[in-house]
Amino acid sequence: MRSRRIIGTALATVLGALAGVPAAAPALAAPGNPGEPRYTAGAPSAGDPYFPDQGNGGYDVRHYDIALSYDPATRYMDATTTITAAATQDMDAFDLDFRGPDVTSLTVNGHKASFTRTGQELVVSPRPKLKAGQTFTVVASYAGTPPVITDPDGSIEGWVPTDDGAFVPGEPQGAPAWFPGDDHPTDKATFTFHVTVPDGVTAVGNGRLVSKTTTGGRTTFVWDQAEPMATYLATVTLGTFTVAESVTPGGIPVYTAVDPRLVTQSAAAVARIPDILEYFTSIFGPYPFGSAGAIVDRAPDVGYALESQTKPIFSSAPSVGTMAHELAHQWYGDAVSPARWSDIWLNEGFATYATWLWTEHTGGATAQQTFASSSNYGRAATSSFWQVVTADPGPEDMFGNVPYNRGAMTLHALRGKIGDAVFFKLIKDWVAGHRYGNASTAEFVDAAQKASGMDLTAFFDVWLYQKGKPASW
Ligand SMILES: [Zn+2]
């Protein structure tokens, strides 16, 4: 029922957007001369049924440059986002995903462009029109209060004010709260952030801190994320923070920002970051980014942590296990992101399994013991837990137990089936082969079959695609 409603919304969105772009009609009705560009509107959706308004067609974003100032006292943002993209079709209109405040000006390649806003679609009509292959630059300025976004499971994300700043998580649909873009994991880009805040406030973005400049009572932090990143992994969480910088034994710089009220409670987890990264590097392959770290904030209304790229964010003091989970996502989720949101177990199952491995590595329960426990395979066959499909949990259950725990169980069962040597090579090669891109469940099934030389159709069918507690595999 939920799926049908969402698909209906997607169709309405597509039809509505086409109806709103009259310039598309002549191109569809009358073919032009051979070789003459036929300009049409880029698609208003990436076609992902979980979030049908997300993403757009007609272009590929290469870089976001986001310059914003924010005053925690007034919750007022003044921002300019510059998007560098390449057109993938001859195009007279395209959509950006944006739920932020009033757009005060918008240009494409330096020319003022007309635009309309409907829901999260910011529909831009560039003139001159864009040709396939052409690189173009969109400059959008906007000002006001960015919104908090509520997800299908009731949790909040986007731009969440805290008592000393803002907590900024973006999964799965929060990024358009504070910058316009192509908000689907399949369109990765590099990012630069220039965040200006009152003196005393620290703004922490993805990647490396390039500069920190203070003038007239305000400080601008410039952060650069040099490796491609999905929009949902972007953050500029800001507030009062105790900052520490170090370098892992492997040479990765680590930047941690912790709310001063949480320094004591989070000390154990923060201190283990280098050890966790070294251990995961030994089993998953090289750490995929040029920097690492963590942001521990006090955002009691959020109540979860998120694997924002290079800087996982925690809304309260994390346990060592939660820290390990979010750091594992740097390989599984961030470097390799889901092709569709239904593939979310490729993020959460791997991060959960990584934590089982970390627990065993540090002298706790073995992965086999965790697999067999009452919160995993030990659940009764009659439990409702077994009634959600791992590889298609639906938008309301995508962050429920199943993609996490049944996902991890799937990996442990696979390891038993194909053996340690093949399994650990498979999951390492998975990152190396898809790093900075996306991958699907079908691709993982295919990779596992190729790596093992086994027909695993029945195995993956019972673990990933069927409801019910697997009885044999
Ligand atoms: Zn996770």
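Refer to the structure printed above.
Residues numbered from 1 in each chain as written. Predicted model: local features only at pLDDT ≥ 70, side-chain atom pairs only at ≥ 80, totals over all residues. Heavy atoms only, no water.

(A) Layout of the coordination of the zinc ion. Those protein atoms acting as donors to the zinc ion are His-325 (NE2), His-329 (NE2) and Glu-348 (OE), and they sit at 2.0 to 2.1 Å. Sequence spacing among the residues donating to the zinc ion works out to H-x3-H-x18-E. The exposure class of His-329 is buried, given its relative accessible area of 0%. (Donors = N, O, S within 2.8 Å, 3.2 Å for Na, K, Ca; no water. Buried < 20%, exposed > 50% of the residue type's maximum accessible area, 1.4 Å probe, protein only.)

(B) The pairing of strand E20 (residues 253-258), seen in detail. Counting buried positions along E20 yields 5 of 6 residues, so the element is predominantly enclosed. Inspection of the sheet shows strand E19 (residues 242-247) paired to E20 by 6 bridges, in the antiparallel sense. Note on E20: the bridge partner recorded for Glu-245 is Tyr-255. In textbook terms, the turn of a hairpin is the stretch between consecutive antiparallel strands, and for E19 and E20 this stretch comprises 5 residues, one of which, Gly-251, has a positive phi near 95°. Of the strand pairs in this sheet, E20 and strand E21 (residues 292-296) are connected by 5 bridges, and their pairing is parallel. Bridge pairing in E21 links Val-258 to Val-296. (Helix = DSSP H or I, 4+ residues; strand = E, 2+ residues; numbered from the N terminus. Pairing = 2+ DSSP bridges.)

(C) Up close: the pattern of salt bridges. One pass over the structure, following the stated rule, counts 9 salt bridges. A salt bridge links Asp-164 to Arg-261; its shortest N-O distance comes to 3.6 Å. Placement of the pair is Asp-164 in the loop between strand E12 (160-162) and strand E13 (165-167) and Arg-261 in the loop between E20 and helix H3 (263-271), with a sequence separation of 97 residues. The exposure class assigned to Asp-164 is buried, which follows from its relative accessible area of 14%. When its relative accessible area of 41% is taken as the criterion, Arg-261 is described as partly exposed. For the salt bridge of Asp-420 with Arg-415, the shortest nitrogen-to-oxygen distance reads 2.8 Å. Beyond isolated ion pairs, a larger network of salt bridges with shared partners links Asp-163, Asp-164, Asp-259, Arg-261 and Arg-298. (Salt bridge = Lys/Arg side-chain N within 4 Å of Asp/Glu carboxyl O.)

(D) Inspection of the packing of aromatic side chains at higher detail. This structure, assessed with the given rule, holds 42 aromatic pairs. When the ring of Tyr-64 is compared with that of Phe-191, the centres are 4.6 Å apart and the planes differ by 25°; the resulting orientation is stacked. With a gap of 127 residues between them, Tyr-64 in strand E2 (residues 59-71) and Phe-191 in strand E14 (residues 189-198) connect regions that are remote in the sequence. Arranged with centres 5.6 Å apart and planes meeting at 80°, the rings of Tyr-377 and Trp-473 form a pair that is edge-to-face. Taken together, the residues Tyr-377 in the loop between helix H7 (367-372) and helix H8 (401-418) and Trp-473 in the segment after helix H11 (457-465) connect sequence positions 96 residues apart. By relative accessible area, which is 19% here, Tyr-377 ends up buried. The aromatic ring of Phe-385 is capped on one face by Arg-379, whose charged end is 4.2 Å from the ring centroid. One cation-aromatic arrangement involves Lys-469 over Tyr-377; the distance from NZ or CZ to the ring centre is 4.4 Å. (Phe/Tyr/Trp six-rings, centres within 6.5 Å; stacked < 30°, edge-to-face > 60°. Lys NZ or Arg CZ within 6 Å of the ring centre and 35° of its normal.)

(E) How the structure looks around the sheet that holds strand E6 (residues 111-112). With respect to topology, 8 strands assemble into an open sheet ordered E6-E5-E9-E3-E2-E14-E17-E16, the strand pairing being mixed. Looking at which strands have only one partner, the edges of the open sheet turn out to be E6 and strand E16 (208-215). Both strand E5 (residues 102-108) and strand E9 (residues 135-144) contribute to a ladder of 6 bridges, which runs antiparallel. The partner of Asp-102 across the bridge, within E9, is Ala-143.

(F) Geometry of H3. Along H3, the residues classified as buried are Ser-266, Ala-269 and Val-270. One face of H3 carries all of its buried residues, which in axial projection span an arc of 95°. Seen from the open side of H3, the exposed residues pointing more than 90 degrees away from its buried face are Thr-264 and Ala-271. (Arc of directions from axis to C-beta.)

By themselves, these figures tell us nothing about what the structure is for.
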